[in-house]
Structure formats: structure tokens, C-alpha cells
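Structural features, examined
Below are the chains, spelled out letter by letter.
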Amino acid sequence: MTQRPSWAPDEVDIERPAPARMYDYYLGGSHNFAADRELAEQAMAVWPDSPHIARANRAFLRRAVAFAVEQGVSQFLDLGAGIPTVGNTHEVAARLAPQARTVYVDNDLVAVAHSRSLLDGVANTMVVHADLRDADFVLEQARGLLDFSQPVAVLTFAVLHFVPDEDDPAAVVDAYRRATVPGSLLALTHATDDFQPERLRDMENVYRSASAGLTGRSHAQITALLPGYELVPPGLVCMIHWRPDPDAGPDPLDGDVSRYSAYAAVAVRK
Ligand SMILES: C[S@@+](CC[C@H](N)C(=O)[O-])C[C@H]1O[C@@H](n2cnc3c(N)ncnc32)[C@H](O)[C@@H]1O
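None of these values were measured; they are calculated from a predicted model. (Residues numbered from 1 in each chain as written. Predicted model: local features only at pLDDT ≥ 70, side-chain atom pairs only at ≥ 80, totals over all residues. Heavy atoms only, no water.)

So, the packing of helix α2 (residues 34–46) against helix α8 (residues 197–207)
Note the threshold: Axes, fitted as lines to C-alpha atoms, cover a helix only where it is in contact. Angles between the N-to-C directions of the axes lie from 0 to 180 degrees. Think of it this way: any DSSP run of H or I at least four residues long counts as a helix, any run of E at least two long counts as a strand, and we number them from the N terminus. With respect to orientation, any angle under 35 degrees is reported as roughly parallel, any angle over 145 as roughly antiparallel, any angle of 65 to 115 as roughly perpendicular, and every other angle as oblique. Residue contacts are counted whenever heavy atoms from the two residues lie within 4.5 Å of one another.
Interhelical geometry of α2 versus α8 gives an angle of 170° and a closest axis separation of 9 Å. Comparing the axis directions of α2 and α8 gives the class roughly antiparallel. Note on element contacts: α8 touches α2 through Arg199, Asp202, Met203, Val206 and Tyr207, opposite Leu39, Gln42, Ala43 and Val46.

The structure is reproduced here in C-alpha cells:
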């Protein structure tokens, strides 16, 4: 039996690996348990670039949030927000728009507990423990902070690939779209099997032992999640190609999109 750290909520099953804590491990964080680290190591044996991909994903988050603020959108609904790390949504947003409001949503109790302790007393932020597939509940909670008569940026970074086909991810996305006004945004990153299908299947197999399975999707399948949205240029592209930061250093994966196997997009609600 693994010893339960003092920061782990009692309700957490620390023997069951969870995507939130595996991702925390890829990013070099300390809010993970032995079971998470073991499965993350298995994932890295299949896909050694996972830590770089996680960092590129966070870099895209920062660019997408900054883009939203530039478009005049300063309300954020961050679905599957994860365990807080460097450059969280509310920090990026508040640097550019001090009045920005952020609601963080996650179904992982460690992510929620850590977010709550970090955001205690931080104005214009809120943390909701919920499954994003329960859009009615999430939206009801989010209305406590966000004004849905004004544009909202719905953020789904590295999370829709944890919603399996049988749970109809397009309908989930659409429930949030319908709750927002035209001019609102949706930002996403999503794993794809377009480039290395067999290796992606091996990753999906690793994640079968986690609390949520992974589903890689093709460019066409991810595009099909977004009816009622118009992609902003450059569209749905490899995450490193979405409006790259000109000051970023050399790409650690040599710009090889197949090693990332992850698409990113920002779209405007019509
Ligand atoms: C790979 S992490 C990404 C974290 C953050 N969005 C980022 O991109 O840095 C995926 C997160 O989604 C959360 N998640 C997965 N399925 C979820 C669901 N159905 N409802 C809410 N959160 C979910 C996990 O707990 C985890 O924190």
C-alpha cells in the first residue's frame, strides 16, 4: 500500500492512476502518487516525447488565452483544467486584463483540492469539482462567476480526448456552445492518430489502466466536434504551428508534427 500524502483528499483512490496526475508528472510536478508515476513511465516508454508535448500544450494555452484577451474576451471556462502549474489561465489572463474571470473545472479531486488552496482569496476565480460531460451542472455553477450574456472562452486543453465516442463529445461541446453568445470562443488541443496510428493505439492501451481512457482522433473527427464554430487562422493545426511565439527558442522535437501528434485550434462561436 502506498502511503497517503497529507495533501491528498481522503476520497482519492491513490492506487488508481489518473490523467491529471500523470500529466502533472510529465510536467515535473509533485502532485502525483506512485501508481500515477508508474503508468506515466509506461506511457513515456511508448511515447518518450510526452513531457515535451505537455510543455508545448501549456505554451499553446498561454497563446490561446492571450489571443482571447486581445479579441476582447476576458471570461474563461477552463474545462479539465488540471493540477495548477506554471502559467495558469487566470494568471495569463489577469496580466493582460485585470478584470478577467476564470472558472476552473476538473473531475480529479487532487486537481480541485490543489486549485482551491492556490486560489483561496484570489478574486475573480472559482473552482468547480465536476465532470465536464455534465454541462448543465457545470454551467449552473459557472454562472456564479461568469456573465453568459457576454462572450466566454471555453477552454478544452488536452481533455476532449478523455471523452470517449460513446459519450458523444460533439454533443458535449455543443452544450457549451449553446450556452454562450456569438463572439465567444472555444480553444482546444487534442491527441491525434493521424501520424503514428499504431503508437497512438499503444498509448490508448496504456491509458486503459487509468481512471479515464484516451481516444486519439483524426483531423476530420476533431473538426466534426466543432459545428457552429468558425476556426480562426491558421485553423486546426499541430499545436506548435498555432501562431507560434516568434521569441520561442528552437523546438525540442525538431518541429516534427508526428512526434507531437496533437492538434490545436481556436474557434469563434457563430
Ligand atoms: C492532460 S490534463 C490537461 C490539463 C490542462 N487542461 C492543460 O492542458 O494543461 C487533462 C485534465 O482533464 C481532466 N479531465 C479528464 N476528463 C474529465 C472530465 N470528464 N471532466 C472534467 N475533467 C476531466 C483530468 O482530470 C485532467 O486534469
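Further notes follow.
Regarding the site of the ligand
How we decide: The rule for a residue being near a molecule or strand is that one of its heavy atoms must lie within 4 Å of it. In the analysis that follows, any N or O atom pair within 3.5 Å is treated as a polar contact, provided that within protein one partner can donate a hydrogen and the other can accept it, and provided that, for residues neighboring in sequence, both atoms belong to side chains. Only the protein chains shown count as cover for residues, with accessible areas throughout obtained via the Shrake-Rupley method and a probe of 1.4 Å. Under this grouping Gly is polar, as are all residues other than the nonpolar Ala, Val, Leu, Ile, Met, Phe, Trp, Tyr, Cys and Pro and the charged Asp, Glu, Lys and Arg.
Taken together, 18 residues sit near the ligand, with Tyr23, Asn57, Arg58, Gly80 and Asp106 positioned nearest. Between the ligand and the protein, one listed contact pairs an oxygen atom with a side-chain N or O atom of Asp106 at 2.6 Å. In the complex, the protein chains occlude 97% of the 590 Å² of accessible area that the ligand would expose alone. Contributing elements (two or more residues each) for the shell around the ligand: α1 (19–26) and α3 (50–70). Its residues placed into classes, the shell around the ligand shows nine nonpolar, four polar and five charged.

Here's the deal with the environment of Asp256
In this structure, Asp256 sits in the loop between β7 (237–238) and α10 (257–260). Residues Asp256 and Gln196, spaced 60 residues apart in sequence, show a C-alpha to C-alpha distance of 12 Å.

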